[in-house]
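In case you want the letters, here they are:
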Amino acid sequence: MGGRRGSRTQRKHFKQSRENVWKRPKTESSSDPNNPAWQPFATQNPSFDEYYKEQRIVSPEEWDAFMEMLRKPLPAAFRINATSQFCEDIRSQLANDFMKSLQAEAIEGGDLEPIKPLPWYPDNLAWQSNFSRMQLRKNQTLERFHEFLKLETEIGNISRQEAVSMVPPLFLDVRPDHFVLDVCAAPGSKTFQLLEIIYHSAKGRFLPDGMVLANDLDVQRCNLLIHQTKRMCTANLIVTNHEGQHFPGCRSHKNISNGSETTNNLEQSITQLLFDRVLCDVPCSGDGTLRKAPDIWRKWNGGMGNGLHCLQIHIAMRGLSLLKVGGRMVYSTCSMNPVENEAVVAEILRRCGGSVELVDVSNELPQLIRRPGLTKWKVRDKGVWLPSYKDARKLQRNGIVPSMFPSGKNYADLTNNNQKSENGESVNAEDVVQPDDTISSIDDLEEEVSDLPLQRCMRIVPHDQNTGAFFIAVLHKVSHLPAIPDKSSTSQGKLSTRSELYENLSDQATEEINGLEVSSVDGADEKILEVASKAEENISEMALEAADEKISEETSEVDEKISEVALEADLVDDEPAGGAPESNSSEAADKKTDSAKTGEKRKLQIQSKWKGVDPVLFFQDETIINSIKTFYGIDESFPFTGHLVTRNKDANHVKRIYYVSKSVKDVLDLNFRVGQQLKITSVGLKMFERQSSREGSSAPCSFRISSEGLPVILPYITKQILYASPADFKHLLQYKSIKFADFVDADFGQKAADLMLGCCVIVLREGK
Ligand SMILES: C[S@@+](CC[C@H](N)C(=O)[O-])C[C@H]1O[C@@H](n2cnc3c(N)ncnc32)[C@H](O)[C@@H]1O
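Please read all numbers here as calculations on a predicted model, not as lab measurements. (Residues numbered from 1 in each chain as written. Predicted model: local features only at pLDDT ≥ 70, side-chain atom pairs only at ≥ 80, totals over all residues. Heavy atoms only, no water.)

Novice: I'm lost on the UniProt feature "binding site: S-adenosyl-L-methionine" (unreviewed entry) in the chain in this one. Help?
Specialist: UniProt annotation of "binding site: S-adenosyl-L-methionine" (unreviewed entry) refers to Cys-184, Ala-185, Ala-186, Pro-187, Gly-188, Ser-189, Lys-190, Asp-216 and Asp-281 when read in the numbering used here. These residues run over 98 residues, yet every pair of their C-alpha atoms falls within 12.8 Å of each other. On the accessibility criterion, Ala-186 (12% relative accessible area) is buried. When neighbours within four sequence positions are excluded, Ala-186 is seen to be in contact with Asn-215, Asp-216, Arg-221, Cys-222 and Leu-225. Here Gly-188 is to be found in the loop between strand 5 (179–182) and helix 9 (189–201). In contact with Gly-188, other than residues within four places in its own chain, are Leu-225 and Gln-228. (UniProt positions renumbered as here; feature names shortened; annotations may be inferred. Buried < 20%, exposed > 50% of the residue type's maximum accessible area, 1.4 Å probe, protein only. Contact = heavy atoms within 4.5 Å. Helix = DSSP H or I, 4+ residues; strand = E, 2+ residues; numbered from the N terminus.)

Rendered as structure tokens:
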């Protein structure tokens, strides 16, 4: 493993295992029970039983209850969007209407409570219904409730999300001014939740000071995320498409403004993209979702977690390196497997050597039932139990690494009697055995126990509170990460992992310091001593920075490849479902022939560092901005300068103008300064759109306000805005055209007649 080659293999492995979780093969028979070919999913798998019984994730006495719950369909869960203006109405409709009206149906089905708020989720904002998704879809009596869920989801007032998947963001302790990185974010349920938390805790201020950067490796899944988060109408989100383990460092040495800043603001602009909070909800084997995706029963095998372990460590390590000192990171998976969970956490704690602590959160969310993390577990490979790395060596299991085991020990380090193995690692000669040596009985083997406080991790199991399973660990960065050698996975003479880069770079830095120290002692040069001590302080930072540069060079190559593939597959060139400012915007190409469109688009994309991705540009055309300001009478206090972005360099052909928060603007500024390291697939809130109708294009202002952006700018609009009575508002919705004289409120009719040609805003006046 390690290096680019390793990560590609891991990605392939991930994609294969991913299918287990999300896809049912097309060839499989339909789910119609009247079809004779139909077979229900087998909800058993002997290897699963053997594996988890041995891992003791639940006690032997609980085993049957655990398995029984795993075989039941998962109840539907959803969250009310705390920032929605209808939040209170929805909560009360659930508590006062649906809780009662669904009772009869629930009793018939043997459940006591039809729907209930999840007791551990703050403010009764998350609910669980004891009806499965299937029941909701099929049962006539539940139709009204199902329709309610569908409609409110579409509008963005509620989000359907598995109950346990709501847990990780709650442990992140996000505040409104935080910069949050969601490293593996698609399809975006937790991103949406994070944005909600940021907005809700900002308590109605103009826009929160914080932002969320949602990243995912998979461009198609990024589009799902964009679609999902579009319902939030946010200016505080950036969506990027990178490998999490190689996420760019964005560190600038220069502090140059784009010309839009005052000196005061310039002093405060950021020089490195670091985050207050990081969520690493990493790719995993997903067996915690068995109740939702029962096809996993058939495909599950004990090796699935082993193949993801190293990738998970790399993503988590990158997350930690992008976390500010003092910041919090949550590592989570929807897998029950200790190799993907406790083993990963243990390895990152070892690599961070005291700079990162595992937080005891037992006092947080006390109503959430969870189990402490394991301190002992075993590794299974190709049907054989391996209690320690020593055993993996004996059996020459190349895919097994020391970090998968509780001690994390590479036993070769502990002996004097060493020899070099094939891959350059030391092996105790006594331990070298033939591959056909087998381990007969697991009971004969020595059991490893971790000495790290892994009981502070949390495992949620299904039968504790009728949910799916999840694993969560909360980490706190107390100081800069050290330069750590990655002994567990080193291949000789090759820099392949980030930690190896750290090691190598930190060695160089140490040599420099040693040199300086010698000369300073010899020449008693105080200046040199000062520089030396400063250099020493900065070792890990230097290592990080140089590693970032190396990694980001490598990443851009691979990411360009991904872009090419996406372009070929027409993923990038299509207008996305949500219409957000994705890389695929086709602004410049409007009203041109297809080939001219393609030519122009390619030209624009060439200006971008990322192939197939239109660059994000600050929109600074004063003529257009002033015409918008004047036409809508936008109050001077509305922050315009530097907050408008587009994907098109040619102002005459800009079709959409997006609005970004101050936090996002700062990140975009930095991204320019560091040579566009971020591959941005979506950013900003669509605020203005060029009028396309004939009447509209002859209006004094050629841009209309988009409905997504309206809530943000509404309080600042002083012209082209009218307040209608409910009766007139209804008429406006009902009829395509109305004569001014026909409005019920004559004054409203007169004001409407006085409007300038073009877009206007009609606000519904409160009725009686
Ligand atoms: C468990 S899912 C994340 C679910 C998401 N956090 C949510 O709540 O909706 C894992 C995600 O990781 C992405 N992924 C896989 N390998 C990755 C990598 N190397 N870097 C970043 N993302 C990756 C997958 O595309 C997938 O969307």
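Novice: How should the pairing of strand 8 (residues 275–281) be read in this particular structure?
Specialist: Along any regular strand, the residues point their side chains to alternate faces of the sheet. For strand 8, the buried fraction is high: seven of the seven residues fall into the buried class. By the bridge criterion, three bridges tie strand 5 to strand 8 in an arrangement that is parallel. Its bridge partner being in strand 8, Val-180 is matched across the sheet by Arg-277. Two elements, strand 8 and strand 9 (residues 323–333), share six bridges in a ladder whose sense is parallel. Looking at strand 9, one finds that Asp-281 is bridged to Ser-332. (Pairing = 2+ DSSP bridges.)

Novice: What should I look at first to understand the confidence of the model for the chain in this one?
Specialist: Low-pLDDT portions of the prediction should not be read for the details of their coordinates. Residues with a pLDDT of 70 or more make up 70% of the chain, whose mean pLDDT is 77. Counted against residues more than four places away or in other chains, residues 1–33, with its pLDDT under 50, gives 68 contacts. Segment residues 486–594 is flagged for pLDDT under 50; beyond a separation of four residues in sequence, or across chains, it makes 190 contacts in the model. (pLDDT = per-residue confidence, 0-100.)

Novice: Sorry, what's going on with the site of the ligand here?
Specialist: Neighbouring the ligand are 23 residues; Asp-216, Arg-221, Gly-244, Gln-245 and Asp-281 lie closest to it. A distance of 3.0 Å separates a nitrogen atom of the ligand from a polar backbone atom of Cys-184. Within the backbone of Leu-217, a nitrogen or oxygen atom sits 3.4 Å from a nitrogen atom of the ligand. Against a free-state accessible area of 610 Å², the protein chains account for coverage of 96% of the ligand. Elements with a minimum of two residues in the shell around the ligand: helix 1 (3–22), helix 9 and helix 13 (306–321). Split into classes, the residues belonging to the shell around the ligand amount to eleven nonpolar, five polar and seven charged. (Near = heavy atom within 4 Å. Polar contact = N/O pair within 3.5 Å; in protein donor to acceptor, adjacent residues only side chain to side chain. Areas by Shrake-Rupley, 256 points an atom, 1.4 Å probe, with all protein chains shown as cover. Nonpolar A, V, L, I, M, F, W, Y, C, P; charged D, E, K, R; others polar.)

Novice: Sorry, what's going on with helix 22 (residues 662–673) here?
Specialist: Given 3.6 residues per helical turn, the α-helix brings residues three or four places apart onto the same face. For helix 22, which comprises twelve residues, the first-to-last C-alpha distance of 17 Å matches the rise-based estimate of 16 Å (1.5 Å per residue) to within 8%. Within helix 22, ten of the twelve residues are buried, which leaves the element mostly enclosed by the surrounding structure. Those residues of helix 22 that fall on the buried side of the exposure criterion are Ser-663, Val-664, Lys-665, Asp-666, Val-667, Leu-668, Asp-669, Leu-670, Asn-671 and Arg-673. Its buried side turned inward, helix 22 meets strand 5, strand 6 (211–215), strand 7 (237–240), strand 18 (617–618), strand 19 (644–646) and strand 21 (680–683). One or two residues past the end of helix 22 sits Gly-675, with phi positive at roughly 80 degrees. (Expected span 1.5 Å × (residues − 1).)

Novice: What exactly am I supposed to notice about the sheet that holds strand 20 (residues 656–659) here?
Specialist: Here we have five strands laid out as an open sheet, ordered 18-19-20-22-23, and antiparallel in their pairing. The open sheet terminates on both sides in strands that have one partner only, identified here as strand 18 and strand 23 (703–705). As paired strands, strand 22 (residues 685–690) and strand 23 are joined by three bridges and run antiparallel to one another. In the strand pairing of strand 23, Glu-689 is matched with Arg-704. On the sheet, helix 21 (residues 622–632) packs against strand 19, strand 20, strand 22 and strand 23 and is oriented at approximately 50 degrees with respect to strand 23. (Axes fitted to C-alpha atoms, helices over the stretch in contact; angles between N-to-C directions.)

Novice: Whenever I open this one, the UniProt feature "active site" (unreviewed entry) in the chain confuses me. Can you help?
Specialist: In the numbering used here, UniProt assigns the "active site" (unreviewed entry) feature to Cys-334. As for its placement among the helices and strands, Cys-334 is situated in the loop between strand 9 and helix 14 (342–352). Judged by its relative accessible area of 15%, Cys-334 falls in the buried class. Apart from the residues lying within four places of it in its own chain, the contact partners of Cys-334 are Cys-284, Gly-286, Asp-287, Gly-288, Thr-289, Ala-469 and Phe-470.

Novice: I would appreciate a short explanation of the pattern of salt bridges in the present structure.
Specialist: If charged atoms from side chains of opposite charge come close, those side chains can pair. Scanning the model with the defined rule gives 29 salt bridges in all. For Glu-196, the salt bridge goes to Arg-79, with nearest N and O atoms at 2.6 Å. Here Arg-79 lies in strand 1 (residues 75–80) and Glu-196 lies in helix 9, a separation of 117 residues in the sequence. A single burial state applies to Glu-196 and to Arg-79, both of which are buried. The partner of Asp-666 in a salt bridge is Lys-662, and the shortest N-O contact between them spans 2.7 Å. Of the two residues, Asp-666 and Lys-662 are both situated in helix 22; the distance of four residues between them amounts to about one turn of the helix. Taking relative accessible area as the criterion, Lys-662 reaches 37% and is therefore assigned partly exposed. Salt bridges sharing common partners tie together Lys-230, Lys-686, Glu-689, Arg-704 and Glu-708. (Salt bridge = Lys/Arg side-chain N within 4 Å of Asp/Glu carboxyl O.)

Novice: Any chance you could explain unusual backbone geometry here in plain terms?
Specialist: What you tend to see is this: most non-glycine residues have negative phi, and most peptide bonds are trans. At the junction of Ala-186 and Pro-187, the peptide bond is cis and its omega measures out at 5 degrees in the coordinates. For Pro-187, the position within the fold is in the loop between strand 5 and helix 9. Positive phi values are uncommon outside glycine, yet Gln-676 reaches one of about 50 degrees. Tracing the backbone shows Gln-676 in the loop between helix 22 and strand 21. One non-glycine residue, Gln-720, adopts positive backbone phi at about 60 degrees. With respect to the element layout, Gln-720 can be found in the loop between helix 24 (710–713) and strand 24 (721–724).

Novice: Could you clarify how one ought to interpret the nonpolar core in this entry?
Specialist: Burial of nonpolar side chains together is a common tendency in soluble globular proteins. Grouped together as the largest cluster of nonpolar side chains are 91 residues, with contacts concentrated most on Leu-94, Phe-145, Phe-171 and Phe-688. In terms of residues, this core owes the most to one element, helix 9, which gives six residues. Other than its neighbours up to four places away in sequence, Phe-688 contacts Ile-628, Phe-640, Leu-644, Lys-655, Arg-656, Ile-657, Phe-703, Arg-704, Ile-705, Ser-706 and Ile-713. Counting residues in hydrophobic clusters, the runner-up holds 88 residues, among them Phe-179, Met-211, Met-336 and Trp-385. (Core = buried A, V, L, I, M, F, W, Y, C linked by side-chain atoms within 4.5 Å.)

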